[in-house]
Amino acid sequence: MKNLAVSRRYAKALILIGQEDGQADGYNDELFAMVGLLDANEGFEQALTNPLIKKSDRKKLLDAVIAAAGFSKVMKSFLSLLFDKGRIGFTRDIATYYNTMADELKGVVRASVVAATSLSKTNISKIQKSLSQKTGKTVVLDVQKDSSLIGGIITKIGDLVLDGSVKTQLINMRETLKKGESA
């Protein structure tokens, strides 16, 4: 839990810098580029976080990678700060929180739609348009298929869940019938 709070704090600090200098999207791209480097090179993150390797050697490795990646001055400073504070291992979580905050700045909200069957592009467009009207923001949909729903869809936007699945309706109906029997 503490790690999430720390990650959120660093992401918020970077987004404030991004707002000031108008580079919020650029920093988002650079953060995800760093996450890509960590993911693509198995030993890289271990080398940065391994206490058995001298801190100066780990810092040289990070500096060399940052220089080769061509990150902005702010991102270089940010990643160096994360390293110096022992938080470089939180880069993925920081990138996730930062992306969410950057989307909010642009008026974009991410939603997921789980449907019992594959949805046509027309239906996806209608759902997206309807959610955009309700939220007043641009909606980016993540559409998935789950045949266990039997029919209908489940939509999630942040903490809001709109469950219109047949499976849930059947469960609710069963609970209602059980209550009727016991009364």
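The notes below deal with the structure included here.

Regarding the nonpolar core
Here's step 1: Residues Leu31, Met75, Phe78, Leu79, Ile94 and Tyr98 are the most contacted members of the largest nonpolar core, which totals 30 residues.
Here's step 2: Sorting the residues of this core by element identifies α1 (2-21), α2 (24-40), α3 (42-49), α4 (55-69), α5 (73-84) and α6 (91-106) as the ones contributing at least two each.
Here's step 3: Those residues within four positions of Leu79 in sequence are excluded, and the remaining contacts are Met34, Leu62, Ile66, Phe71 and Ile88.
Here's step 4: Counting residues in each nonpolar core, the second largest holds eight residues, with Ile127, Leu131, Leu141 and Ile157 among its members.

Things to note about α6
An α-helical turn contains 3.6 residues, so a residue and the one three or four places further along point in the same direction.
Here's step 1: For α6, which comprises 16 residues, the first-to-last C-alpha distance of 22 Å matches the rise-based estimate of 22 Å (1.5 Å per residue) to within 8%.
Here's step 2: Looking at the buried residues of α6, the elements they touch are α1, α2, α5 and β1 (108-115).
Here's step 3: Within two residues after α6, Gly107 carries a phi angle of roughly 75 degrees, on the positive side.

Some thoughts on α2
Here's step 1: Taking 1.5 Å per residue, 17 residues should reach 24 Å; α2 reaches 24 Å between its end C-alpha atoms and fits that length.
Here's step 2: Of the positions making up α2, those classed as buried are Ala24, Tyr27, Asn28, Glu30, Leu31, Met34, Val35 and Leu38. Seen from one end, α2 has its buried residues packed into an arc of 170 degrees, which puts them on one side. Looking at α2, the residues exposed on the side facing more than 90 degrees away from the buried face are Asp29 and Ala40.
Here's step 3: The secondary structure elements touched by the buried residues of α2 are α1, α3, α4, α5 and α6.

Quick look at the sheet that holds strand β2 (residues 138-145)
Here's step 1: Taken in spatial order, the four strands line up as β2-β1-β3-β4 in an open sheet, and their pairing is mixed. The two strands at the open ends of the sheet, each matched to only one other strand, are β2 and β4 (160-163). For this sheet, the mean inter-axis angle between neighbouring strands, taken without regard to orientation, is 20 degrees.
Here's step 2: As paired elements, β1 and strand β3 (residues 153-157) share five bridges and run antiparallel to each other. Residue Ala111 lies in a different strand from β3, and its bridge partner there is Ile157.
Here's step 3: Along the sheet face, helix α7 (residues 121-135) touches β1, β2 and β3 and points at about 140 degrees away from the line of β2.

About the cut-offs
- For every chain, the first residue of the written sequence is number 1, and numbering continues from 1 along that sequence.
- Only residues with pLDDT of at least 70 get local features here, since the model is predicted, and only at 80 or more are side-chain atom pairs given and counted; chain-wide, interface and lining totals rely on the full set of residues.
- Hydrogens and water are ignored here; the side-chain numbers use all heavy atoms of the structure.
- As used in this record, nonpolar core signifies buried Ala, Val, Leu, Ile, Met, Phe, Trp, Tyr and Cys residues forming a set joined through side-chain atoms within 4.5 Å.
- Partly exposed describes any residue whose relative accessible area lies between the buried limit of under 20% and the exposed limit of over 50%, with all areas from a 1.4 Å probe on protein chains only and scaled to the type maximum.
- Numbered from the N terminus, helices here are DSSP runs of H or I no shorter than four residues, and strands are runs of E no shorter than two.
- For this analysis, residues touch if any pair of their heavy atoms sits within 4.5 Å.
- Helices are assigned an expected span. That span is 1.5 Å times one less than the residue count.
- Of all possible arcs, the one meant is that of the directions from the helix axis to the C-beta atoms.
- Strands are treated as partners if at least two bridges between them are detected by DSSP.
- Geometry is summarised by axes, namely lines fitted to C-alpha atoms with helices restricted to the contacting stretch, and by angles between N-to-C directions that run from 0 to 180 degrees.

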